[in-house]
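Structural overview
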Amino acid sequence: MTALQEKHAKLPLDEKFYALEGKELAFFQEQTGIKDEAELKQHIISVQTKAYEVFEYRCIRSFGFTRLKISRLPAYQEALKLAQQRPGALFLDIGCCFGNDVRKIVADGWPVENAIASDLHQEFWNYGHELFRSTPTTFPATFIGGDAFDSAFLAPRKPFYSPEEPAPLTQPLRSLTSLTPLRGHMSTIHASSFFHLFDEPQQLELARRLATLLSASPGSMIFGVHGGRPEKGLRTEALNSAGKYMFCHSPETWRDLWDGVVFKKGTVKVECGLHPMERPDLPAAPEAKFYGLWCSAACAGSMKGFQRLLAKLCAAYHLSTCHKKKEKDWSVALRTRRDDYT
Ligand SMILES: C[S@@+](CC[C@H](N)C(=O)[O-])C[C@H]1O[C@@H](n2cnc3c(N)ncnc32)[C@H](O)[C@@H]1O
């Protein structure tokens, strides 16, 4: 391991990153039943500490799970509407960790019986129950544990372009042990801080796999936020939780990946935007500046002129140095940390 890797890879927990305010505080007070702020803080930190032993994800260390970020994504309100517009619409949060995002969308109106969460680590979901002081009875969303890259868990196939194509879902959600039966049935898929865990070929592979889950019914969408850059490449300013440089797509390469590689060209429309972002949790040179980019990619197309598919995807990036002109450009979109998507 290089000196840089030593410095970045295993970062100790630090409660200075804990900062629940406004809606976040209200959400956690409501969900946990703990009204006292000091008690709530100790409770959250105690679960965070245990979860950090499972794997040292940056989002766990930085309390990213407290930020209600799903609700800040551009596609969120549109996603929520599907629950009303489409009876039985299914929501999937993939790479869900504690399940904070699925809890948020359920709190905002998505029927819990139609909410699914999936993660490699069952322990994180269990810690989610501890964090939110719930049980599988009091919060009966379906959890399906497994590796999204495992073909026995999510069998590869081409995306669906016609709503009639997928085999009917006959099993109760709670009895599912893999995502394969859900292919073509998901109205909404949320994937945040997930793609950026993987290198370029793996991100493509993951996109292909998630695309198979998406229903071809009009308005179905996949959305989320993850690391990106103005130009695709490695984020060399900081190492990720695995001690590696994060691979980041640019808005352009991300768009091209979905429109033409994952889905047939012209059947998807991808929109991306930039979002400055502060990362005080990452070690960086004093002069380093960090920026986030959000990328909203709307996929809208029709197969044989009959079906219309809509997906929204978001990406975030940061870079350590910034040209003055770019600083000016991004300043329009500058937000405080409290408004960050990540
Ligand atoms: C950085 S966390 C992001 C959690 C959450 N989505 C968020 O936005 O805060 C990444 C999550 O992806 C899960 N994960 C990593 N590799 C996975 C895989 N191959 N299949 C499914 N989940 C995976 C991890 O266990 C972890 O909970």
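What comes next concerns the included structure. Keep in mind it's a predicted model, so treat the numbers as computed, not measured. (Residues numbered from 1 in each chain as written. Predicted model: local features only at pLDDT ≥ 70, side-chain atom pairs only at ≥ 80, totals over all residues.)

The subject of this paragraph is the sheet that holds strand β5 (residues 221-223). Strand order in the open sheet formed by 5 strands is β3-β2-β1-β4-β5, and the pairing between neighbours is parallel. Every other strand in the sheet has two partners, leaving β3 (142-145) and β5 as the edge strands with one partner each. On average, each strand axis in the sheet is tilted by 20 degrees relative to the strand beside it, whichever way the strands run. Note: strand β1 (residues 90-94) against strand β2 (residues 115-119), 4 bridges, orientation parallel. Note that in β2 the partner of isoleucine 94 across the bridge is serine 118. Helix α6 (residues 100-107) contacts β1, β2 and β4 (186-190) of the sheet and is inclined by roughly 170 degrees relative to β2. Across the sheet, helix α8 (residues 200-213) touches β1, β4 and β5, and the angle it forms with β4 is around 150 degrees. (Pairing = 2+ DSSP bridges. Helix = DSSP H or I, 4+ residues; strand = E, 2+ residues; numbered from the N terminus. Axes fitted to C-alpha atoms, helices over the stretch in contact; angles between N-to-C directions. Contact = placed C-beta atoms within 7 Å.)

Leu92, Ile94, Ala115, Ile116, Ile189, Leu210 and Leu213 are the most contacted members of the largest nonpolar core, which has 65 residues in total. When neighbours within four sequence positions are excluded, isoleucine 189 is seen to be in contact with Leu92, Ile94, Leu210, Leu213, Leu214 and Ile222. (Core = buried A, V, L, I, M, F, W, Y, C linked by C-beta atoms within 7 Å. Buried ≥ 20, exposed ≤ 12 C-beta atoms within 10 Å, placed from the backbone.)

Across its 14 residues, α8 extends 21 Å between first and last C-alpha, which sits within 8% of the 20 Å expected from 1.5 Å per residue. Along its buried surface, α8 packs onto β1, β4, β5, β8 (245-248) and α9 (251-258). (Expected span 1.5 Å × (residues − 1).)

Look at leucine 68: it is not a glycine, yet its phi comes out positive at around 55 degrees. Looking at the secondary structure, you find leucine 68 in the loop between α4 (58-61) and α5 (76-85). The backbone of arginine 133 shows a phi angle near 50 degrees, a positive value even though the residue is not glycine. Secondary-structure assignment places arginine 133 in the loop between α7 (122-132) and β3.

With respect to the helices and strands, glutamate 231 occurs in the loop between β6 (227-228) and β7 (233-239). For glutamate 231, a count of 13 C-beta atoms within 10 Å puts it in the partly exposed group. Each C-alpha atom of the pair glutamate 231 and glutamate 252 lies 8.2 Å from the other, and the pair is 21 residues apart in sequence.

Right, let's get into the environment of glycine 243. One can find glycine 243 in the loop between β7 and β8. Judged by the 15 C-beta atoms lying within 10 Å of it, glycine 243 falls in the partly exposed class. Residues glycine 243 and lysine 10, spaced 233 residues apart in sequence, show a C-alpha to C-alpha distance of 7.8 Å.

Taken across its 5 residues, β2 has 5 buried, putting it largely inside the fold. Handedness of the crossover joining β1 and β2 through α6 is recorded here as right-handed. Of the strand pairs in this sheet, β2 and β3 are connected by 4 bridges, and their pairing is parallel. Looking across to β3, one finds that aspartate 119 is bridged to glycine 145. One crossover worth recording links β2 to the parallel β3 by way of α7, and it is right-handed. (Right-handed = clockwise from strand over helix to strand, strands pointing away.)

Moving on, we come to the packing of helix α3 (residues 37-54) against α7. At a closest axis distance of 10 Å, the pairing of α3 and α7 adopts a crossing angle of 175 degrees. Our classification of the angle between α3 and α7 gives roughly antiparallel. Taken together, the residues of α7 that come into contact with α3 (itself represented by Ile44, Val47, Lys50, Ala51 and Val54) are Glu123, Phe124, Tyr127, Glu130 and Leu131. Here the residues of the contact of α3 with α7 are counted per class, giving 7 nonpolar, no polar and 3 charged. (Parallel < 35°, antiparallel > 145°, perpendicular 65-115°, else oblique. Nonpolar A, V, L, I, M, F, W, Y, C, P; charged D, E, K, R; others polar.)

No statement about biological role is implied by the geometric values presented.
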